[in-house]
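Take a look at the letters that make up each chain.
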Amino acid sequence: MSVYVFVKHKVEDYGRWKPLYDEHGAVRKKLGSTGATVYQVQGNPNELVIMTEWPDMESAQSFAQDPNLPQVMQRAGVIGQPEIYFLEQVDRQSA
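Residues numbered from 1 in each chain as written. Predicted model: local features only at pLDDT ≥ 70, side-chain atom pairs only at ≥ 80, totals over all residues. Heavy atoms only, no water.

(A) Broad picture of the pattern of salt bridges. Counted under the stated rule, the structure contains four salt bridges. For the salt bridge of Asp22 with Lys18, the shortest nitrogen-to-oxygen distance reads 2.6 Å. Placement of the pair is Asp22 and Lys18 together in helix H1 (residues 14-23), with a separation of four residues, close to one helical turn. Under the relative-accessibility criterion, Asp22 is labelled partly exposed at 42%. Lys18 gets classed as partly exposed once you look at its relative accessible area, which sits at 25%. (Salt bridge = Lys/Arg side-chain N within 4 Å of Asp/Glu carboxyl O. Helix = DSSP H or I, 4+ residues; strand = E, 2+ residues; numbered from the N terminus. Buried < 20%, exposed > 50% of the residue type's maximum accessible area, 1.4 Å probe, protein only.)

(B) Quick look at the packing of aromatic side chains. Following the criterion strictly, the structure yields four aromatic pairs and no others. Each ring, one from Tyr14 and one from Trp17, has its centre 5.7 Å from the other, and the planes form 35 degrees; the classification is tilted. Of the two residues, Tyr14 and Trp17 are both situated in helix H1; the distance of three residues between them amounts to about one turn of the helix. Note on Tyr14: relative accessible area 24%, which makes it partly exposed. Through pairs of rings, three or more aromatic residues link up here, namely Tyr14, Trp17 and Tyr21. Between Arg28 and the ring centre of Tyr21, over which it is positioned, the NZ or CZ distance is 4.0 Å. (Phe/Tyr/Trp six-rings, centres within 6.5 Å; stacked < 30°, edge-to-face > 60°. Lys NZ or Arg CZ within 6 Å of the ring centre and 35° of its normal.)

(C) The pairing of strand S2 (residues 35-41), seen in detail. Here S2 runs beside strand S3 (residues 44-54); their pairing, made up of seven bridges, is antiparallel. Bridging across to S3, Val38 finds its partner in Ile50. Between the end of S2 and the start of S3, which pair antiparallel, lie two residues, with Gly43 showing a positive phi angle near 90 degrees. (Pairing = 2+ DSSP bridges.)

Dropping the structure here:
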């Protein structure tokens, strides 16, 4: 089963944030990410939830501990401290 990292944070401007997020995708991929999905909170396009998928917890945590990540987030206009959760998938059911 997969490992996911759930991140919720606010940004100053989604249009400014998105190109830097995309640029940093190469780092996520290099560290093992197998995909990511970005969601905007309804009614507030600058409040985001990001789910990244990882093959294992070690890969996910290595990305979260990347020393460049805080600088990238600052340049992208992330406001405040993000909420971050490391999730292990234990079940999946089809609708």
